[in-house]
Amino acid sequence: MLNILIIASATYLGMIFYAKYRTPIAVLGSALLLLYGNLSGSFPANLAFQNFPQEIVILIIVLGLFTKIFEKSGLFNYLGYRFVHYSNGKKLLIVMLLPIVIYGTSLFMNNLTVILLFTFICLKLALKLNLPITPLLVSVIIASNIGGAALPWADTPAVILTLYTDFTLADFILKLFLPCFLYTLLLVKYSTTWFHYLEKKSHNLENQMLFESKSVDDITELNFNEEPSPNNTTIHYVIKPKPHGGKASHKKKAKHHEIQLPHNKKMEISNGLAPDTSIIHYTIKPKPHHKKPPSIKKHKKFKKKAGSLDIFDEAHNHMNWTKVRFPMILFCLFITSVCIGPFINLSIAFISMIFGSILLIANDHSPEDTINAIPILDSLIFIVALFLIGGVLEYSGILNIAVNYVLAFTGESVALILISIMLMAFTIATFLSAGPATATLLPICNQLNPMVGNNLIYAALALGILAGSSMLPWSATGGPVLLGEVNRFLKMPHLKPKDKHRVMEIFDLKHYLAFSIPFSLIMVVLNCIILMLYLKLL
């Protein structure tokens, strides 16, 4: 068991400190754990594959198909154009609206769908309007997690609670929807605070760079209080323009003309200088043009070409509604079926396969080209590796030992049991992802539910999963998908090196955690308060 902990800890540390190689590190760690379990016989390694997320893998593939077709039809660019148009390009308004839009969309769509739909839009908005990349994208992930936890069909943990517990729609609305709505408002306030902080920091940095660019040696301090030495001789020059006695003599036109300007001189006595010293002021007034200068026509080769970030301005003219109409109708039916499927014991995988097949048949391009163009293989491999690691930790008994050890200190106190489940869900979801954490703690919650009552134990589980899934890039299923989409965005043509450098900030874990950790800890504190209020009121 100690060897399993060492391999798992080394895997997570490798993913944290070497985020660029997170996928091969996760696959290597899961493979070593399975190999060790098979050779040592400490746990049945084949049972870990029971946590293989077949439904989620098929769902992501079908969502990738819809995303690729919508991208080719210009729908994403059109949505970005409408977003900029309605917000009038106001940065603060966009920062406030994006979490609300993502939250509202995630209530009725799987958060993977939302991430696939909005990642490119958010990146283009951020680069076009000079918005902070990392806070904007992390707020998108957190908002999608919040919306996915509020209703029973939105995200993987919610679907698990719907299928395998007695947590009803009324429980979701009362015990999860209201707290999630509160967290959305807090996220808007939190994002705007970060925006103001980064804007002020950027402004101060620009001023500092401007000040440092000036050479101190070129600045001479003037002291007007100091009397000039009697040995010094002061020479005054008075420049008088030569007056024209008559009409100017006719001269041949040359290629370069000197324009004579009238000079007005003003003499002034300064109190700070010697009595015989004067200050001369000159006012130069240019001769006005009698004719307007001719307009400069731009040559064709000097016209600005629309790059990948300028297409927002012309997206409404290039939108092909004929190609996108049927996929949009099919997509709405697909999302509706995914929402209803768990309530009638219909697998999401079956629904996804049916709609994916119809989409490929109705598509103009060949099915092989469309499937090969889906850029989500990295995300799928990473998610599968995380689920396998979660299965190893579950079937090796490590998680059960840790949970029982913690519950031994709670006794029969219902309040301590709720807080313990919430904190354990928060911790496990942070490192294992939301889906494996829910599947791991669900059997324990089923045993504790009669003791607690009112299905509050499942609310504690869901709220802890929500806070934990917002901590790290791989804590939620949408995190790896977003990072995969960012990688694809970096490969777009006409993307400037400066913009690539800005986008690459999302892979810096320090920038990511600086935004995510404070808000996640705020949710943990509020979760405790909300659970105690529900315990007294229900």
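Asks: Can you break down the overall build of the protein residue by residue, with the values?
Replies: A count of helices and strands for the protein gives 21 helices and two strands. Within the protein, contacts between residues separated by at least 24 positions form 77% of all contacts whose residues are at least 6 apart in sequence. Element-wise, carbon and sulfur atoms account for 64% of the exposed surface of the protein, whose accessible area totals about 30200 Å².

Asks: Could you give an account of helix H19 (residues 478–490), naming the residues involved and the relevant values?
Replies: When the terminal C-alpha atoms of H19 are compared, their 18 Å separation across 13 residues agrees well with the 18 Å that a helix rising 1.5 Å per residue should span. Burial analysis of H19 places twelve of its 13 residues in the buried class, the great majority of the element. Looking only at H19, the buried set comprises Gly478, Gly479, Pro480, Val481, Leu482, Leu483, Gly484, Glu485, Val486, Arg488, Phe489 and Leu490. The elements touched by buried residues of H19 are helix H2 (22–40), helix H3 (54–73), helix H6 (111–128), helix H7 (133–150), helix H14 (377–395) and helix H20 (497–503).

Asks: Describe unusual backbone geometry, with residues and values.
Replies: Its identity is not glycine, yet Asn454 carries a phi of approximately 60 degrees, on the positive side. Note on placement: Asn454 falls in the loop between helix H17 (434–452) and helix H18 (456–468). Classification of Asn454 as partly exposed rests on a relative accessible area of 46%. With phi around 55 degrees, Asn455 is a residue other than glycine that occupies positive phi space.

Asks: Outline the side chain of Thr162, supporting the account with residue identities and numerical values.
Replies: Mapped onto the elements, Thr162 comes out in helix H8 (residues 156–164). Engagement of the side chain of Thr162 in a polar contact is seen with the backbone oxygen of Pro152, the distance being 3.1 Å. Within the structure, Thr162 has its side chain in polar contact with the backbone oxygen of Ala158 (distance 2.8 Å).

Asks: Quick one: what's the story with the pattern of salt bridges, residue by residue and with numbers?
Replies: Under the defined criterion, the tally for this structure stands at two salt bridges. A salt bridge links Lys175 to Asp171; the nearest nitrogen and oxygen atoms lie 3.2 Å apart. Taken together, the residues span about one helical turn, with Lys175 and Asp171 both in helix H9 (residues 169–213) at a distance of four residues. Just as Lys175 is buried, Asp171 falls in that class too. The partner of Glu485 in a salt bridge is Arg488, and the shortest N-O contact between them spans 2.8 Å.

Asks: Tell me what's going on with the packing of aromatic side chains, and back it up with residues and numbers.
Replies: The geometry of two aromatic rings is summed up by the distance between their centres and the angle between their planes. A complete count under the given rule lists 13 aromatic pairs for this structure. Summarising the aromatic geometry, the rings of Tyr12 and Phe431 are spaced 6.0 Å apart at their centres and angled 75 degrees between planes, so their arrangement reads as edge-to-face. Linking Tyr12 in helix H1 (residues 2–17) with Phe431 in helix H16 (residues 414–432), this pair joins segments that are 419 residues apart in sequence. When its relative accessible area of 9% is taken as the criterion, Tyr12 is described as buried. Residue classification places Phe431 among the partly exposed residues on the basis of a relative accessible area of 36%. Between Phe120 and Phe489, the ring centres sit 5.3 Å apart and the planes meet at 85 degrees, which makes this aromatic pair edge-to-face. Of this pair, Phe120 sits in helix H6 while Phe489 sits in helix H19; the two residues are 369 residues apart in sequence, bridging distant segments of the chain. Taken individually, Phe120 and Phe489 each receive the classification buried, so the pair is uniform in this respect. A network of ring pairs unites the aromatic residues Phe66, Phe70, Phe331, Phe334 and Phe355 as a single cluster.

Asks: So what's going on with the nonpolar core? Which residues, and what values?
Replies: For soluble globular proteins, the rule of thumb is that nonpolar side chains tend to be buried together. Counting residues in each nonpolar core, the largest one holds 155 residues, and the members touching the most others are Ile146, Phe334, Ile421, Ile457, Leu461 and Ile506. If you tally residues by element for this core, the top one is H6, at 13 residues. Among residues more than four places away in sequence, those in contact with Ile506 are Thr134, Leu137, Val138, Leu482, Leu483, Val486 and Tyr512.

Criteria and thresholds
- Numbers given to residues run from 1 along each chain, matching the order in which its sequence is written.
- Selection of residues for local features in this predicted model requires a pLDDT of at least 70, selection of side-chain atom pairs for listing and counting requires 80 or more, and totals for whole chains, interfaces and linings are taken over all residues.
- The basis for the side-chain values is all heavy atoms of the structure; hydrogens and waters are excluded.
- Numbering of helices and strands starts at the N terminus; helices are DSSP runs of H or I of at least 4 residues and strands are runs of E of at least 2.
- Whether two residues are in contact is decided by their heavy atoms: any pair within 4.5 Å suffices.
- Under the convention used here, a 1.4 Å probe and the Shrake-Rupley method define accessible areas, while residue burial counts only the protein chains that appear.
- A helix's residues, less one, multiplied by 1.5 Å, set its expected span.
- Remark: exposure states derive from per-residue accessible area (1.4 Å probe, protein chains only) relative to the maximum for the residue type, with buried under 20%, exposed over 50%, and partly exposed in between.
- Here a polar contact is taken to be a pair of N or O atoms separated by no more than 3.5 Å, where protein atoms must pair a possible hydrogen donor with a possible acceptor and residues adjacent in sequence count only if both atoms sit in side chains.
- Note on definitions: salt bridges are taken to be side-chain nitrogens of Lys or Arg within 4 Å of carboxyl oxygens of Asp or Glu.
- In this scheme Phe, Tyr and Trp rings, the latter by its six-membered ring, pair at centre separations within 6.5 Å, and the angle between planes marks the pair as stacked below 30 degrees, edge-to-face above 60, and tilted otherwise.
- Residues grouped as a nonpolar core are buried Ala, Val, Leu, Ile, Met, Phe, Trp, Tyr and Cys residues, joined through side-chain atoms within 4.5 Å.

This is a description of form; function is not addressed.
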